[in-house]
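# Reading the structure
Chain by chain, the residues run as shown.
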Amino acid sequence: HCKAIPETTLTTEYLGHWRDWNGYPASVLHGVKELVGRCLKQASSTELKCGLKERFDKLRNSAEAPELKNSTELSELVSNMSKLTCDKGKVHQSGHASMRRTMFAWCTLTVMTAFCA
């Protein structure tokens, strides 16, 4: 049900939410892996997949998320992402933001419940 992840979720500013989910400690690595992996499979277009890839790569390579940078647990996801051919000029022109956020909220709730329950 996830069309794509909004930019705000895969940012360094949002990392605190990944690490502490409603008062429960959570794994950034496992949460990001599951969420991005599921949403990559559910994305209906290359544009949505490329937008997801751009945000994932930026977060993964940030100094604020060292647990993501060279994680072997993400190697399959990184490999799948590397197979995408993306035109950076089109990434931010994809779809309706409110619909993406609604679908993302469902996807986030589903994934984080599995890790935090």
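### Things to note about the environment of Phe56
Among the structural elements, Phe56 can be located in helix α3 (residues 46–60). Given a relative accessible area of 1%, Phe56 falls into the buried group. Along the backbone, Phe56 and Met81 are 25 residues apart, and their C-alpha atoms lie at a distance of 9.3 Å. With sequence-adjacent residues up to four places away left out, Phe56 is seen in contact with Leu10, Val32, Val36, Leu74, Leu77, Val78 and Met81.

### With respect to the side chain of Arg60
Counting through the fold element by element, Arg60 comes out in helix α3. According to the relative accessible area criterion, Arg60 is buried, its value standing at 14%. A distance of 3.5 Å separates a polar side-chain atom of Arg60 from the backbone oxygen of Lys69.

### A closer look at the nonpolar core
Counting 18 residues, the largest nonpolar core has Leu10, Val32, Val36, Phe56 and Leu68 as the members making the most contacts within it. Where this core is concerned, the elements lending two or more residues are α1 (15–19), α2 (28–42), α3 and α5 (75–82). With seven residues, α2 is the single largest residue contributor to this core.

### Quick look at the pattern of salt bridges
Pairing between side chains of opposite charge can happen when their charged atoms approach one another. One pass over the full model with this rule turns up five salt bridges. One salt bridge in this structure joins Lys33 and Glu73, with 3.9 Å as the shortest N-O distance. Taken as a pair, Lys33 in helix α2 and Glu73 in the loop between α4 (66–69) and α5 lie far apart in primary sequence, 40 residues in all. Given the relative accessible area of 28%, Glu73 is considered partly exposed. Where salt bridges share partners, they join Lys53, Asp57 and Arg60 into one cluster.

### Side note on the packing of aromatic side chains
Following the criterion strictly, the structure yields one aromatic pair and no others. On the numbers, 6.4 Å between centres and 75° between planes, the contact of Tyr14 with Trp18 is edge-to-face. The exposure class assigned to Trp18 is buried, which follows from its relative accessible area of 1%.

### A word on the environment of Ser71
Tracing the backbone shows Ser71 in the loop between α4 and α5. Its relative accessible area of 17% is what places Ser71 among the buried residues. Sequence separation between Ser71 and Leu29 is 42 residues; the distance between their C-alpha atoms is 8.2 Å. A polar contact is formed between the side chain of Ser71 and the backbone nitrogen of Glu73, at a distance of 3.1 Å.

### Description of the environment of Gly16
Inspection of the secondary structure puts Gly16 in helix α1. Measuring from C-alpha to C-alpha, the distance between Gly16 and Ala26 comes to 9.8 Å, with ten residues separating the pair along the chain.

The rules behind these values
Residues numbered from 1 in each chain as written. Predicted model: local features only at pLDDT ≥ 70, side-chain atom pairs only at ≥ 80, totals over all residues. Heavy atoms only, no water. Helix = DSSP H or I, 4+ residues; strand = E, 2+ residues; numbered from the N terminus. Buried < 20%, exposed > 50% of the residue type's maximum accessible area, 1.4 Å probe, protein only. Contact = heavy atoms within 4.5 Å. Polar contact = N/O pair within 3.5 Å; in protein donor to acceptor, adjacent residues only side chain to side chain. Core = buried A, V, L, I, M, F, W, Y, C linked by side-chain atoms within 4.5 Å. Salt bridge = Lys/Arg side-chain N within 4 Å of Asp/Glu carboxyl O. Phe/Tyr/Trp six-rings, centres within 6.5 Å; stacked < 30°, edge-to-face > 60°.

No statement about biological role is implied by the geometric values presented.
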